[in-house]
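# Close look at the chain arrangement
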Amino acid sequence: MKKLVCAGEILVEIMAERIGQGFLAPGPLVGPFPSGAPAIFIDQAARLGQPAGLIAAVGDDDFGHLNIERLRADGADISAIKVHRGAATGTAFVTYETDGSRHFVYNIKQSAAGLIEIGTEARALLASADHFHVMGTSLFSPETIAVARAGIEAVKARGGTVSFDPNIREEMLDLPGLREALHFVLSKTDLFLPSGPELFIFAKATDEEGAVREMLQRGISTVVVKKGGQGAVHFDRAGRTVSPGFVVDEIDPTGAGDCFAAAFVSFWLRGATPEKALRIANGCGALAVTKKGPMEGIAFLAAVEAFIETAETGEA
Ligand code: ATP
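Residues numbered from 1 in each chain as written. Predicted model: local features only at pLDDT ≥ 70, side-chain atom pairs only at ≥ 80, totals over all residues. Heavy atoms only, no water.

### Points about the overall build of the protein chain
Filter applied, for reference: Helix numbers and strand numbers start at the N terminus; a helix is a DSSP run of H or I with at least 4 residues, a strand a run of E with at least 2. The reference for a compact globule is 2.2 Å times residues^0.38; the radius of gyration itself is calculated from the C-alpha atoms. Type-normalised accessible area, obtained with a 1.4 Å probe on protein chains alone, sets the label of each residue: buried when under 20%, exposed when over 50%, and partly exposed for intermediate values. Note on contacts: a residue pair qualifies if any of its non-hydrogen atoms lie within 4.5 Å across the two residues. Using a 1.4 Å probe, accessible areas were evaluated by the Shrake-Rupley method; residue-level cover was limited to the displayed protein chains. Asp and Glu are treated as the negative residues and Lys and Arg as the positive ones, with His and the ends of the chain left uncounted. To locate a charge, take atom NZ for lysine, CZ for arginine, CG for aspartate or CD for glutamate.
What the protein chain contains, in helices and strands, is nine helices and 13 strands. Compactness check: the protein chain gives a C-alpha radius of gyration of 18 Å against a globular reference of 20 Å for 316 residues, within 12% of the reference. C-alpha atoms of the protein chain, sized along the principal axes, occupy 50 × 45 × 40 Å. Here the protein chain holds 316 residues, and the buried ones make up 55% of them. Long-range contacts, defined as pairs at least 24 residues apart, comprise 73% of the intrachain contacts of the protein chain with a sequence gap of at least 6. Surface accessibility of the protein chain: about 13300 Å² in total, with carbon and sulfur atoms responsible for 53%. Taken as two groups, the 29 positive and 39 negative side-chain charges of the protein chain have centres that lie 5 Å from each other.

### Concerning the site of the ligand
Stated formally: A molecule or strand has a residue near it when one of that residue's heavy atoms lies within 4 Å. Think of a polar contact as two N or O atoms within 3.5 Å of one another; within protein, one of them needs to be a possible hydrogen donor and the other a possible acceptor, and neighboring residues in sequence only count if both atoms come from side chains. Amino acids are sorted into nonpolar (Ala, Val, Leu, Ile, Met, Phe, Trp, Tyr, Cys and Pro), charged (Asp, Glu, Lys and Arg) and polar (every other residue, Gly among them).
For the ligand, the set of nearby residues contains 19 residues, the closest of which are G228, G231, E250, G257 and N282. In the environment of the ligand, an oxygen atom lies 2.9 Å from a nitrogen or oxygen atom belonging to the backbone of G231. Residue A256 places a main-chain N or O atom 3.4 Å away from an oxygen atom belonging to the ligand. The protein chains hide 84% of the 620 Å² of surface that the ligand would expose on its own. Here the residues of the shell around the ligand are counted per class, giving seven nonpolar, eight polar and four charged.

### A few points about the side chain of S163
Structurally, the position occupied by S163 is in strand β9 (residues 161–165). Judged by its relative accessible area of 0%, S163 is buried. At 2.6 Å, the side chain of S163 and the side chain of H131 are in polar contact. Engagement of the side chain of S163 in a polar contact is seen with the side chain of H133, the distance being 2.7 Å. With residues up to four places along the chain from it excluded, the contact list for S163 reads H131, F132, H133, V134, L191, L193 and V265.

### Some words on the nonpolar core
For clarity, the cut-off: By nonpolar core is meant a set of buried Ala, Val, Leu, Ile, Met, Phe, Trp, Tyr and Cys residues that side-chain atoms within 4.5 Å join together.
F41, I42, L54, I81 and F264 are the most contacted members of the largest nonpolar core, which totals 49 residues. Contributing elements (two or more residues each) for this core: β1 (4–7), α1 (37–47), β4 (52–59), α2 (62–73), α7 (256–269), α8 (274–288) and α9 (301–310). The contacts of L54, once residues within four sequence positions are left out, are C6, A7, G8, I10, P38, A39, I42, L71, D77, A80, I81 and L125.

### Remarks on unusual backbone geometry
Cis geometry marks the peptide bond from G31 to P32, where omega comes out at 5°. Within the secondary structure layout, P32 lies in strand β3 (residues 29–35).

### Structural notes on α7
Inclusion rule: A helix's residues, less one, multiplied by 1.5 Å, set its expected span.
Between its first and last C-alpha, α7 extends 20 Å over 14 residues, near the 20 Å set by a 1.5 Å rise per residue. With 12 of 14 residues buried, α7 lies mostly within the body of the structure. A256, D258, C259, F260, A261, A262, A263, F264, V265, S266, F267 and L269 are the residues of α7 that are buried. Phi for G271, located one or two positions after α7, is positive at around 80°.

### Brief notes about the side chain of N282
Take N282: it is sitting in helix α8. Sequence-distant contacts of N282, defined by excluding residues within four places in its chain, comprise G231, A232, S243, P244, G245, F246 and F260.

What follows is the structure, encoded as structure tokens:
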């Protein structure tokens, strides 16, 4: 089976317990929950049985070990996760507002996550990889951008493929070199996985069909647009495939996009039809939102297969 690799931030997430609680006064917290978009992605792929490894850095602290143990237990390749003495694992403190929005206090750049590099172990991992997945969230410094470039180049040199989820946070857009880096990543991308509005960051067209056409003309073979509870739409030269989302009670949306992407990429690498890959990915995305904590709802293959057998789908 093909091996996929991702590089980027490992974090823990700590949440305000009550909706609307905020962080301007002391209040009850829950967590730490293992998190970080690349860690969520790799853990979901591993739980689906896909060989998967992560290039990352954590501190020599409980938060770092919590993540490493979770990934190890699920069968991910953790050989390229560096444990740094003297640096703390990244954190995200999250508060949920009454209107359903989320606010984050991050410590990523100044944490161990900012110390990611291509060392001996990362080089060895990339030498065994067939696919590299790039996450927009991970392109937060010149160093992390260099790691993504190195990953892409190593995997492409071996005849492998690249996928890209441009989940960029707005405050990142001013980072020097980011726009050039995004254009480089896009020029090497085979499979593009934006969620709704992210499709338009890179397109001149203002309608979905037009924007997708531009992406396919750039040489991207497959575009999958994630649409939250409504599911997802797949485009390639053969046409368009719509797959409705599954009906679930949403408890915590963090991580749904990463679980969806991991499942879709895993089944795309297995040569599954768009219908099959979308159904599994929608199933993983839906199950992800049913639990509090970004990695608590990540499903094993048998569980997602059982879920999609019986679950109800909504309107696409
Ligand atoms: P995030 O950045 O929060 O991880 P995203 O914006 O990248 O997510 P979404 O489109 O929100 O991605 O969600 C990804 C997929 O997860 C959807 O395409 C769908 O399959 C599933 N999903 C998300 N929210 C729900 C929901 N409320 N009910 C059912 N499925 C959902």
